[in-house]
Amino acid sequence: MVNTTSKVRRIGVLTSGGDAPGMNPVVRSVVRTCLHLGIECVGIRRGFAGLLAGDIRPLDYDASSGLIRRGGTKLYTARCEEFKTEAGQKKGADTCKFLGLDGIVGIGGDGTFRGLQALSHQGISVVGVPGTIDNDIACSTYTVGFDTACNTAIEAIDRLQDTMQSHERCSVVEVMGRHAGYLALNVAVACGALAVLVPEKEVNFEEDILEPIRRSRLVGRTHFMIIVAEGAGSAYDVAKRIHEALSVDTRVTVLGHVQRGGSPSAQDRLVGTHLGYRAVQLLAEGKTNRVVCCNGEEYVDYDIEEALSMHKTIDESTYTMIQQITGTDALSRMMGLRV
């Protein structure tokens, strides 16, 4: 049913910051929802940098066809230092007005939301959608791209474990997560890693890394897996310390940007579609300065100011669980010892 009452006639959509699998399903959902409501949709390429340059393309049914299964972002993405300035923000707002944009949907992380917030202060209607593999957006229990990135890392690590077992080695794997350890923690649990290092937690290297390896060896294991979030330290430094302390043959694997790629998982396609649909609905209803996000299995929205003021911490129960079932606690009980 086409909406004939909304004053919104044209909406722009952009992706900004680091790309995440699932951004394309959000873009597709925005386009299809606009078509359903009789709203014109245009794609702003290369994020806020493209907005300043007026780099836009019309998006219709054909342009969004097949996007739901594609990784990366059709609209490209970039970081824009100019847009962080007041002059740049005013230029961006002027571009919106010149192009006749009645609203913008921005897909990305905190930096994207701050850019949208700045446009809102310039009188532009905006809605943000959380899209980042780090899952570190405080207002949302889930961010688009996280599940696919986890699955990509898990598949690679499962393969590594095969060769580590064959050669009786310790594998130290560095995953993404400069400021947040959600990806590292969940991957560590899913791979049965012996230990995990995340930015949110201080580590006693002797007790949390070396001792679990010793006890694991004493109960018969000959290969060991350690997961390191990039913000928790260098995997090469961790491997070096393990080798020097235990004379264990260590190998380092840095998964890097491979975690950002790949076809979106079912969850990222589903969540991305819901969030894109809701974002357009909010703009069509005349609402602005919002972030649509997940609250458990519900889709909700917050004021951007409120969303950016929230704080998210590592899941303590998951962190405790991995220590108890794979770390020193569990190994000591297997040996009949007390820690």
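Heads up: the structure comes first, above all this text.
As a starting point, this report considers the structure included with it. (Residues numbered from 1 in each chain as written. Predicted model: local features only at pLDDT ≥ 70, side-chain atom pairs only at ≥ 80, totals over all residues. Heavy atoms only, no water.)

**Quick notes on the overall build of the protein chain**
Thought 1: What the protein chain contains, in helices and strands, is 13 helices and 11 strands.
Thought 2: For the protein chain, the spread of C-alpha atoms along the three principal axes comes to 70 × 35 × 30 Å.
Thought 3: Per-residue burial for the protein chain yields a buried fraction of 52% across its 339 residues.
Thought 4: Partitioning the contacts of the protein chain with sequence separation of at least 6, the portion at a separation of at least 24 is 74%.
Thought 5: As presented, the protein chain carries roughly 15100 Å² of accessible surface, and 47% of it is formed by carbon and sulfur atoms.
Thought 6: Of the side chains in the protein chain, 36 bear a positive and 40 a negative charge, and the two mean positions are spaced by 5 Å. (Helix = DSSP H or I, 4+ residues; strand = E, 2+ residues; numbered from the N terminus. Buried < 20%, exposed > 50% of the residue type's maximum accessible area, 1.4 Å probe, protein only. Contact = heavy atoms within 4.5 Å. Areas by Shrake-Rupley, 256 points an atom, 1.4 Å probe, with all protein chains shown as cover. Lys, Arg positive; Asp, Glu negative; His and termini not counted. Charge placed at Lys NZ, Arg CZ, Asp CG, Glu CD.)

**Side note on a nonpolar patch on the surface**
Thought 1: Taken together, the side chains of Val 189, Met 321 and Ile 325 make up a nonpolar region of the molecular surface, amounting to roughly 240 Å² of accessible area.
Thought 2: Residue position: Met 321 is located in helix α12 (residues 316-326).
Thought 3: We classify Met 321 as partly exposed; its relative accessible area is 34%. (Patch = residues over 30% accessible without salt bridge, like charges linked within 9 Å, V, L, I, M, F, W, Y side chains within 5 Å. Salt bridge = Lys/Arg side-chain N within 4 Å of Asp/Glu carboxyl O.)

**Let's talk about the sheet that holds strand β1 (residues 10-15)**
Thought 1: Spatial strand order, β3-β2-β1-β4-β5-β10-β11: 7 strands in an open sheet with mixed pairing. Two strands close off the open sheet at either side, each with one partner strand: β3 (56-59) and β11 (298-303). Across the sheet, the axes of successive neighbouring strands diverge by a mean angle of 25°, strand direction being ignored.
Thought 2: Relative to β3, strand β2 (residues 40-44) is paired through 4 bridges, and the arrangement is antiparallel. Paired with Ile 44 across the bridge in β3 is Ile 56. (Pairing = 2+ DSSP bridges. Axes fitted to C-alpha atoms, helices over the stretch in contact; angles between N-to-C directions.)

**Quick word on the pattern of salt bridges**
Thought 1: Here the structure, examined in full by the defined rule, presents 18 salt bridges.
Thought 2: Two residues, Arg 278 and Asp 301, come together in a salt bridge whose shortest N-O distance is 3.6 Å. With Arg 278 in helix α10 (residues 266-284) and Asp 301 in strand β11, this residue pair connects regions lying 23 residues apart in the sequence.
Thought 3: For Asp 301, the salt bridge goes to Arg 290, with nearest N and O atoms at 2.9 Å. Here Asp 301 is found in strand β11, whereas its partner Arg 290 is found in strand β10 (residues 290-295), with 11 residues between them in sequence.
Thought 4: What emerges from the salt-bridge pattern is a single network uniting Arg 278, Glu 285, Lys 287, Arg 290 and Asp 301.

**Regarding helix α7 (residues 182-191)**
Thought 1: Of all 10 residues making up α7, 7 are buried, and the element is well covered by its neighbours.
Thought 2: Listing the buried residues of α7 in full gives Tyr 182, Leu 183, Ala 184, Leu 185, Val 187, Ala 188 and Cys 191.
Thought 3: In the stretch just after α7, Gly 192 is the one whose phi turns positive, near 70°.

**A look at helix α8 (residues 205-218)**
Thought 1: Relative to the 20 Å expected for 14 residues at 1.5 Å per residue, α8 spans 19 Å between its end C-alpha atoms, a close match to the ideal helical length.
Thought 2: The largest bend in α8 is about 35°, located at Glu 211, with the proline Pro 212 one to four residues further on.
Thought 3: For α8, every residue scored as buried is listed here: Phe 205, Ile 209, Leu 210, Glu 211, Pro 212, Ile 213, Arg 215 and Ser 216.
Thought 4: At the exit of α8 stands Gly 220, carrying a positive phi of roughly 110°. (Expected span 1.5 Å × (residues − 1). Bend = angle between axes of the 7 residues up to and from the residue.)

**Details of the sheet that holds strand β6 (residues 170-175)**
Thought 1: Sheet architecture is open: 4 strands sit in the order β7-β8-β6-β9, paired in parallel fashion. Only two strands of the sheet have a single partner each, and these edge strands are β7 (195-197) and β9 (250-254). When the angles between neighbouring strand axes are averaged without regard to direction, this sheet yields 20°.
Thought 2: Of the pairings in the sheet, the one linking β7 to strand β8 (residues 224-229) comprises 3 bridges and is parallel in character. Paired with Leu 197 across the strands is Val 228, a residue of β8.
Thought 3: Of the strands in this sheet, β6, β7 and β8 touch α8, which is tilted by about 165° from β8.

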